[in-house]
Amino acid sequence: MATPARQLAAQQELQRQIQELEQVGGSAAAHEEAQRLRVQLEALEQSSGAPSSEAGQDAWQRVLLARHPQRPYTLDYISLLFTDFIELHGDRRFGDDPALVCGLASFEGRRVALVGHQKGRDTKQKLHRNFGMPNPEGYRKALRVMQLAAKFGMPIVTLVDTPGAYPGIGAEERGQAEAIAYNLKEIPKLRVPIVVVVHGEGGSGGALAIAIGDKVLMLENAVYSVISPESCSSILWRDWDHKQEAARALGLTAERLHALGLVDEVVPEPHEGAHANHAEMASILRPILARSLIELEALPADELLRRRQERLRKLATFVMES
Amino acid sequence: MTWFRKENRPLEAPKEKRVQTEGLWTKCEACKQALWKKDVEANLHCCPKCGYHFRVSARARLEMLFDGGRYIEHDARLASSDPLDFKDTKRYRERLKKAEITTGLKDALITGEGMIEGRPALVGAMEFQFIGGSMGAVVGEKITRAIDRAIAGKLPLIIVSCSGGARMMEGAISLMQMAKISAGLARLDEARLPYISVLTDPTTGGVTASYAMLGDLNIAEPGALIGFAGPRVIEQTIKQKLPEGFQRAEFLLAHGMLDAIVPRKELKSYLARALRFLQPG
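Residues numbered from 1 in each chain as written. Chains lettered and ligands numbered in written order. Predicted model: local features only at pLDDT ≥ 70, side-chain atom pairs only at ≥ 80, totals over all residues. Heavy atoms only, no water.

Focus: the domain arrangement of chain B
Residue and element names in this part refer to chain B.
Reasoning step 1: Each domain of chain B was delimited in the assignment, giving domain 1 (24–54) and domain 2 (56–278).
Reasoning step 2: Spacing between the C-alpha centres of domain 1 and domain 2 amounts to 24 Å.
Reasoning step 3: Contact with domain 1, which involves six residues of that partner, is made by eight residues of domain 2.
Reasoning step 4: For the pair domain 1 and domain 2, the summed buried area comes to about 630 Å², and 60% of that belongs to carbon and sulfur atoms.
Reasoning step 5: The largest per-residue losses of area from domain 1 upon contact with domain 2 belong to Leu-44, His-45 and His-53, which jointly make up 73% of the total buried on that side.
Reasoning step 6: On the surface where domain 1 and domain 2 come into contact, there are zero salt bridges.
Reasoning step 7: Classifying every residue of the side of domain 1 that touches domain 2 by side-chain character gives three nonpolar, three polar and no charged. (Domains from an automatic or database assignment. Contact = heavy atoms within 4.5 Å. Buried area = accessible area lost by both parts, 1.4 Å probe. Salt bridge = Lys/Arg side-chain N within 4 Å of Asp/Glu carboxyl O. Nonpolar A, V, L, I, M, F, W, Y, C, P; charged D, E, K, R; others polar.)

Set out below in structure tokens:
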């Protein structure tokens, strides 16, 4: 259970960020984010004192936790879990996307390549990181670095945390769909182990474009979905008021996805949630990540690729009707 | 007292004398002309006046692509298992049943094998009338099986997309179909077999962001709406009106995403010619 003091601090932080965003004004993305924060704040206030990360907590609360402003972001995990990180920029085609961070680092005595969505902590950072919503150049940079890793025999760790791929004019002009699709086709060909960690929001295709791997880990309070509960509500219920029902219906929690066989392992979070203790979260994740890499590194590349294909091929659920 | 009594019959409305034309005419969405439906059908569901491309059912699509309209359908019995027991304002099961009644299909895609100008090919066509042509586990499985068949029989694969994207009612399972199909296309790459993607109005969301954009050739019909995010979502995000022609096939061609825009009348011969180049002999 979150302590009242911590809860209050979170509320104040949210209020401060909303104010800042309003002062920035202008940008539609900023306006959108302010709106989103207001909803979070409301939810925090409603649940004052009583949000429990234990049983009985429903899907919508997981959504709020996954989006919690104090939750560790990709760069936090990178600094807590990895050493010697060097960031690699740019897709060599159009530009560098700060919403998707890539680089090389050391982890438990081996070299790894890192790819992950990055959200911003304060307003300036949020705008810089485009709220963790990549443009096509982000996905193309990610694939470039993953192919680099395959060339030099480094395993890949991807860190997933995005509301989704950015829906903007420029993104469409530069082929957002093509960028995602191409990653989905090329990543299965990479002859090195890939471990995926869904640690915050797994927002649809924008998440999936870096979430194909040999082992998919998902944090207890992370969510992963084909569509945000808000958008689902607006399409199926034709209003924004059914997001909680939509969250439940979509089955976006780690347990549910694990039960469906889409996620290999659920990573427990500290009692109060990952946002309450970054260091503890990292220390829980570290051995699981290390074990996953060791398991995969033991496999010959052909076997690795065969299993990766099989894993994807098995994602089937249907019935035969007469 | 009169000898003859006038019968006091109630007044009746005169019988409808109009010829029943309901459903025989349609209006072109582009040039607003009233059109005789049979003329439109005879013209491959294009407006005989302005060439506007109407949406086509999956059945009609396969019939116009295969020689003599003949093909062997595959996996017709595959149906959704409603893995999430999904319910919004309606049960997903009910939506499925209703879609089955309107379309006669179990899901939003028909796959089959037949001849295109005398050469065997596998073709999949999406059915927009079936829950917006959305892609769930059944569409994913049927396309993957078509890929497996293409590899086993060394056959080319054509998929005609017409879809709003991944199907919400199957949650992350729908999302994973993007990965499953794309990984299948990677195997098709290795087998060096041609895959042609035909994008028709509309092709958006998870379908565009997976197999629709991954063709060895990406071909679109004129005027088709093609994109990742739908236009309304983009408008809401950027709080601006979108420019005229944004996300239309011509826009995508100009931005390098398509190999060609081919009118429906020429589509079959175009595909046949392309396949002869990609898979001679």
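Resuming the write-up.
Some thoughts on the interface of chain B and chain A
Reasoning step 1: With 62 residues of chain B at the interface, the matching set in chain A holds 54 residues.
Reasoning step 2: Summed over both sides, the interface between chain B and chain A buries roughly 5000 Å², with carbon and sulfur atoms accounting for 70% of that surface.
Reasoning step 3: Note that Asp189(B) and Lys185(A) form a salt bridge whose closest N and O atoms lie 2.9 Å from each other.
Reasoning step 4: Linking chain B with chain A are 14 residue pairs in polar contact (both at pLDDT 80 or more), by the criterion used here.
Reasoning step 5: Elements with a contribution of two residues or more to the side of chain B that touches chain A: strand E4 (78–80), helix H3 (92–103), helix H4 (137–153), helix H5 (171–190) and helix H7 (231–238) of chain B.
Reasoning step 6: Looking at the side of chain B that touches chain A residue by residue, the classes come out as 32 nonpolar, 16 polar and 14 charged.
Reasoning step 7: Inspection of the sheet shows strand E9 (residues 318–320) of chain A paired to E4(B) by three bridges, in the antiparallel sense. (Polar contact = N/O pair within 3.5 Å; in protein donor to acceptor, adjacent residues only side chain to side chain. Helix = DSSP H or I, 4+ residues; strand = E, 2+ residues; numbered from the N terminus. Pairing = 2+ DSSP bridges.)

A closer look at a nonpolar patch on the surface
All names here are of chain B.
Reasoning step 1: Together, Leu-24, Trp-25 and Trp-36 make up an exposed nonpolar region whose accessible area comes to about 290 Å².
Reasoning step 2: Tracing the sequence through the fold places Trp-25 in strand E1 (residues 25–27).
Reasoning step 3: Taking the relative accessible area as the measure of exposure, Trp-25 reaches 44% and is therefore partly exposed. (Patch = residues over 30% accessible without salt bridge, like charges linked within 9 Å, V, L, I, M, F, W, Y side chains within 5 Å. Areas by Shrake-Rupley, 256 points an atom, 1.4 Å probe, with all protein chains shown as cover. Buried < 20%, exposed > 50% of the residue type's maximum accessible area, 1.4 Å probe, protein only.)

Description of the pattern of salt bridges
All names here are of chain A.
Reasoning step 1: Enumeration over the complete set of coordinates arrives at 47 salt bridges over all chains.
Reasoning step 2: For Lys-215, the salt bridge identified is with Glu-295, shortest N-O distance 3.5 Å. Taken together, the residues Lys-215 in strand E6 (residues 215–219) and Glu-295 in helix H13 (residues 278–297) connect sequence positions 80 residues apart.
Reasoning step 3: Here Arg-307 and Glu-303 are joined by a salt bridge, their closest N and O atoms 2.9 Å apart. Here Arg-307 pairs with Glu-303, and both are found in helix H14 (residues 301–313), just four residues apart, close to one helical turn.

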